[in-house]
Amino acid sequence: MGDFQAPYDILLISYLIVGDLNNARFLWKRIPSQTKQQNPQLGALWSIGQALWNENYPLFYASVSAYEWNVMIGTMVSILIEQFRQKTFKLLSRGFSMISTNTISTHLGLSPEDTLQLIAERGWEEHPEIEGMFKPKPIEEILREGSSLADLQSLTNYVVFLHK
């Protein structure tokens with residue numbers, strides 16, 4: 001009977017990965033209280049959902065690293081982190097003409113050293129007169145072959161269908 005709770009975990013993390021926060025929130029409301037109490041991993045996933053809902057970047061990164069995930073959910077959490085970081089990096093690239101290293105680090109959940117390495121790899125230029133300020137380089141859209149978020153959306157739709 002304990003395995004019966006696993007589909008809630010998978011469905012919730014799937015909604016978070018595809019950015020469907022409304023359905024994640026409604027799923028959370030539908031999950032029986034007893035199930036929530038018996039499955040601490042489910043509560044930990046919902047903490048991530050709340051951080052995303054409130055656009056609280058530091059809480060998001062703290063929530064994803066605060067729990068010892070099982071292998072399957074841990075893999076999906078890693079996908080969520082990478083997808084969220086890429087999306088955030090793209091938004092920072094498009095939304096700022098100048099941005100500080102600290103702001104970038106906060107939004108990407110990276111150390112200042114890792115942030116400097118990432119922005120150097122992406123070709124961002126440091127402001128010549130203001131230390132720690134960078135000019136973002138716009139990101140070119142690259143189409144990947146193989147698995148994509150569309151594939152994950154298809155998987156989510158399948159799981160939702162099974163849940164109904």
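The structure displayed is predicted, hence computed values, not measured ones.

Trainee: It is not clear to me how the overall build of the protein chain should be interpreted in this structure. Could you clarify?
Mentor: Scanning the protein chain for helices and strands turns up 9 helices and 3 strands. Reading the secondary structure of the protein chain in the N-to-C direction produces α-α-α-α-α-α-β-α-α-β-β-α. Across the 164 residues of the protein chain, 38% fall into the buried class. Taking as baseline every contact in the protein chain between residues at least 6 positions apart, the subset at least 24 positions apart corresponds to 60%. Total accessible area on the protein chain stands at roughly 10,200 Å², and carbon and sulfur atoms take up 54% of it.

Trainee: I keep staring at the packing of helix H5 (residues 57–65) against helix H6 (residues 71–95) and nothing clicks. Help me out?
Mentor: If you want to describe how two helices pack, look at the angle between their axes and the distance between the axes. It is at 11 Å that the axes of H5 and H6 come closest, and there the two elements cross at 160°. In terms of orientation, H5 and H6 fall into the roughly antiparallel class. Crossing of H5 against H6: the hand is left-handed. On the side of H5, the interface is formed by Tyr57, Phe60, Tyr61 and Val64, while H6 contributes Val77, Leu80, Ile81, Phe84, Arg85 and Thr88. Here the residues of the contact of H5 with H6 are counted per class, giving 8 nonpolar, 1 polar and 1 charged.

Trainee: What's the story with unusual backbone geometry in this structure? I'm lost.
Mentor: Leave glycine aside and you will find that most residues have negative phi; peptide bonds, for their part, are mostly trans. One non-glycine residue, Glu55, adopts positive backbone phi at about 50°. Here Glu55 shows up in the loop between helix H4 (40–53) and H5.

Trainee: Got a minute to help me understand the layout of surface pockets in this structure?
Mentor: Remark: the empty space left among the atoms is shown by a probe the size of a water molecule rolled over them. Estimated volume of the second largest pocket: approximately 250 Å³. Those elements that place two or more of their residues in the lining of the second largest pocket are H4 and H6. Top element by residues in the lining of the second largest pocket is H6. It accounts for 6 residues. Taken together, the residues of the lining of the second largest pocket break down into 8 nonpolar, 4 polar and 2 charged.

Trainee: Before we go on, may I ask you to explain the confidence of the model for the protein chain in this structure?
Mentor: For any part of a model where pLDDT is low, the fine detail of the predicted coordinates should not be relied upon. Averaged over all residues, the pLDDT of the protein chain equals 87, while 87% of them reach at least 70. The low-confidence segment residues 1–5 (pLDDT under 50) makes 3 contacts with residues lying over four places distant or belonging to another chain.

Trainee: Teacher, can you tell me more about H6 here?
Mentor: The periodicity of an α-helix, 3.6 residues per turn, causes residues three or four positions apart to be oriented the same way. An ideal rise of 1.5 Å per residue puts 36 Å on 25 residues; H6 measures up with 36 Å between its terminal C-alpha atoms. Sitting at the amino-terminal end of H6 is Asn70, which places a side-chain oxygen 3.2 Å from the backbone nitrogen of Met72.

Trainee: Hey, could you run me through the sheet that holds strand E1 (residues 99–100) in this one?
Mentor: Hydrogen bonds between backbone atoms are what pair the strands of a sheet, whose relative direction is either parallel or antiparallel. If you trace the 3 strands from one edge of the open sheet to the other, you get E1-E3-E2, paired in antiparallel fashion. Strands at the two margins of the open sheet, each flanked by one partner only, are E1 and strand E2 (125–126). Here E2 runs beside strand E3 (residues 133–135); their pairing, made up of 2 bridges, is antiparallel. The residue of E3 that forms the bridge with Glu126 is Phe134.

Reading the values: rules and limits
- Residues numbered from 1 in each chain as written.
- Predicted model: local features only at pLDDT ≥ 70, side-chain atom pairs only at ≥ 80, totals over all residues.
- Heavy atoms only, no water.
- Helix = DSSP H or I, 4+ residues; strand = E, 2+ residues; numbered from the N terminus.
- Buried < 20%, exposed > 50% of the residue type's maximum accessible area, 1.4 Å probe, protein only.
- Contact = heavy atoms within 4.5 Å.
- Areas by Shrake-Rupley, 256 points an atom, 1.4 Å probe, with all protein chains shown as cover.
- Axes fitted to C-alpha atoms, helices over the stretch in contact; angles between N-to-C directions.
- Parallel < 35°, antiparallel > 145°, perpendicular 65-115°, else oblique.
- Left-handed = near helix turned anticlockwise from the far one by under 90°.
- Nonpolar A, V, L, I, M, F, W, Y, C, P; charged D, E, K, R; others polar.
- 1 Å grid on protein atoms, 1.4 Å probe; cavity = no way out; pocket = protein on both sides within 12 Å on 5 of 7 lines; lining within 4 Å.
- Points joined across faces, edges and corners; volume = space filled by probe spheres on them.
- pLDDT = per-residue confidence, 0-100.
- Expected span 1.5 Å × (residues − 1).
- Polar contact = N/O pair within 3.5 Å; in protein donor to acceptor, adjacent residues only side chain to side chain.
- Pairing = 2+ DSSP bridges.

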